[in-house]
Amino acid sequence: MPIHEHSLIRPENLKTHEKLVIDGVDVSGHWSTFIEPRVVTDYNERLQEEIAALPGGEHIHRCWQCGSCTNACTVNAVNPDFNPRYWIYLIRMGMEAELLRDKDIIWQCVSCNKCTYACPRDVFPEGVMKATAHWLELKGHAPKSSSTHFDEEFTEQVIATGKIEEGRIVRGFFGRTGQPLRQPWLIEMARRLARKLPVRLGLLMGLAAVIRPRTRGWGRARRALEEYVHEQQAQRRRALGLERPVQPAEAPPGAGARAP
Ligand code: SF4
Ligand code: SF4
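Keep in mind that what you see is a predicted model, and the values were worked out from it rather than measured. Sequence order sets the numbering: in each chain, residues are counted from 1 along the sequence as written. To read the labels, note that chains go from A and ligands from 1, taken in the order they are written. Two thresholds apply to this predicted model, a pLDDT of at least 70 for residue-level local features and 80 or more for giving and counting side-chain atom pairs, whereas whole-chain, interface and lining totals are computed over all residues. The side-chain values count all of the structure's non-hydrogen atoms but skip hydrogen atoms and water molecules.

A. Highlighting the site of ligand 1. Taken together, 14 residues surround ligand 1, and among them Cys73, Cys109, Cys112, Asn113 and Cys115 come closest. Of the pockets mapped on this structure, ligand 1 occupies the second largest cavity. The set of elements that each furnish at least two residues to the shell around ligand 1 consists of α3 (74-78), α6 (114-118) and α7 (125-138). Just so you know the grouping, Ala, Val, Leu, Ile, Met, Phe, Trp, Tyr, Cys and Pro go in nonpolar, Asp, Glu, Lys and Arg go in charged, and all remaining residues, Gly too, go in polar. A per-class count over the shell around ligand 1 returns 9 nonpolar, 3 polar and 2 charged. For this purpose, a residue is taken to be near a molecule or strand whenever a single non-hydrogen atom of the residue falls within 4 Å of it. The distinction between a cavity and a pocket rests on a 1 Å grid over the protein atoms alone: a 1.4 Å probe fits inside a cavity but cannot get out, while a pocket stays open yet meets protein on both sides within 12 Å along at least five of seven lines, and a residue with an atom within 4 Å of a point counts as lining. Placement in a cavity or pocket follows one criterion, namely that more than half of the molecule's atoms lie within 2 Å of its grid points. The helix count covers DSSP runs of H or I at least four residues long, the strand count covers runs of E at least two residues long, and both are numbered beginning at the N terminus.

Dropping the structure here:
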């Protein structure tokens, strides 16, 4: 009988006897495959609460493990180790150490939301994936992803001026992720854009790159937003028991190449 979700079983836990006869029945090879039991002792009983305290993770408790999310998942189709149903299970059980074994692939969610549409319980698995990736960063288990760098750059610009200016966001994002601005694909994109863009729009964009556009009378809105963001961050840190700063994980070489 095939083992379902074979990828979830660690290779070291799979045992097969090349030659085995039991009560005169030859069960050599595939027929003698068994899975070694494991003992889990280090539960984090607050893990589900911690994920639920982060944006996107609020409905994780509704999951009934039907597997529709994994079945529909874009990334799972190319990498069977990417398994939202399994991670939700681990989080609900509090199996933090087991979850951390997959910390280097959880960020790979491409936010296509196919899982969200497939989920019969409105868990919003895409949100849970985001919350889990964010949790890994906040706890210092994973370096800040490019996606987080992009979100921060975007948010800071909106709060500062009430407007976004695409060129500034791209420059800021590249600066934060240590990428050079002169990249062939970017130069080509700018060249094609310049060819098609109406002159007036091109001039306005050039002007916006020099003089930062601002929303008039933005001061009060900015202060209210800053206060709100500060409150939310403090609330999340409390929920995760992170009153003291956490040492962030080192970014692996080439981490800047992650898609935002
Ligand atoms: S949003 Fe993420 S988890 Fe959901 S189907 Fe797409 S890649 Fe998979
Ligand atoms: S589809 Fe929804 S209910 Fe089913 S396993 Fe995924 S998150 Fe849980």
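Now, onward.
B. View of the pattern of salt bridges. The term salt bridge refers to a pairing of a side-chain nitrogen on Lys or Arg with a carboxyl oxygen on Asp or Glu at a separation within 4 Å. According to the stated counting rule, one finds 13 salt bridges in the structure shown. Notably, a salt bridge pairs glutamate 49 with arginine 46, separated by 3.3 Å at the nearest N-O pair. As a salt-bridge pair, glutamate 126 and lysine 130 come within 2.9 Å of each other at their nearest N and O atoms. On the criterion of helical spacing, the pair formed by glutamate 126 and lysine 130 is a turn pair, its members being 4 residues apart in helix α7. Because the salt bridges share partners, they merge into one network encompassing Lys144, Glu152, Glu153, Glu156 and Arg176.

C. Structural detail: the site of ligand 2. Near ligand 2 you find 14 residues, and of these Cys63, Cys66, Gly67, Cys69 and Cys119 are the closest. Here ligand 2 is seated within the largest cavity. Contributions of two or more residues to the shell around ligand 2 are made by α2 (68-72) and α4 (84-93).

D. Structural context of the packing of aromatic side chains. Two rings belonging to Phe, Tyr or Trp (six-membered ring only in the last case) form a pair when the distance between their centres is within 6.5 Å. Interplanar angles under 30 degrees mark stacking, angles over 60 mark edge-to-face geometry, and anything in between is tilted. The final tally for this structure, using the stated rule, is 5 aromatic pairs. Ring centres of phenylalanine 173 and phenylalanine 174 lie 5.9 Å apart, and the angle between their planes is 55 degrees; this geometry places the pair in the tilted category. An identical accessibility class is assigned to phenylalanine 173 and phenylalanine 174; each is buried. The rings of Phe150, Phe154, Phe173, Phe174 and Trp185 are connected pair by pair, giving a single aromatic cluster. Criterion for a charge above a ring: Arg CZ or Lys NZ at most 6 Å from the ring centre, at most 35 degrees from the ring normal. Its end group placed over the ring of tryptophan 64, arginine 121 keeps NZ or CZ at 5.0 Å from the ring centre. Burial classes: relative accessible area under 20% of the type maximum marks a residue as buried, over 50% as exposed, and values in between as partly exposed (1.4 Å probe, protein chains only).

In short, shape yes, function no, at least from these values alone.
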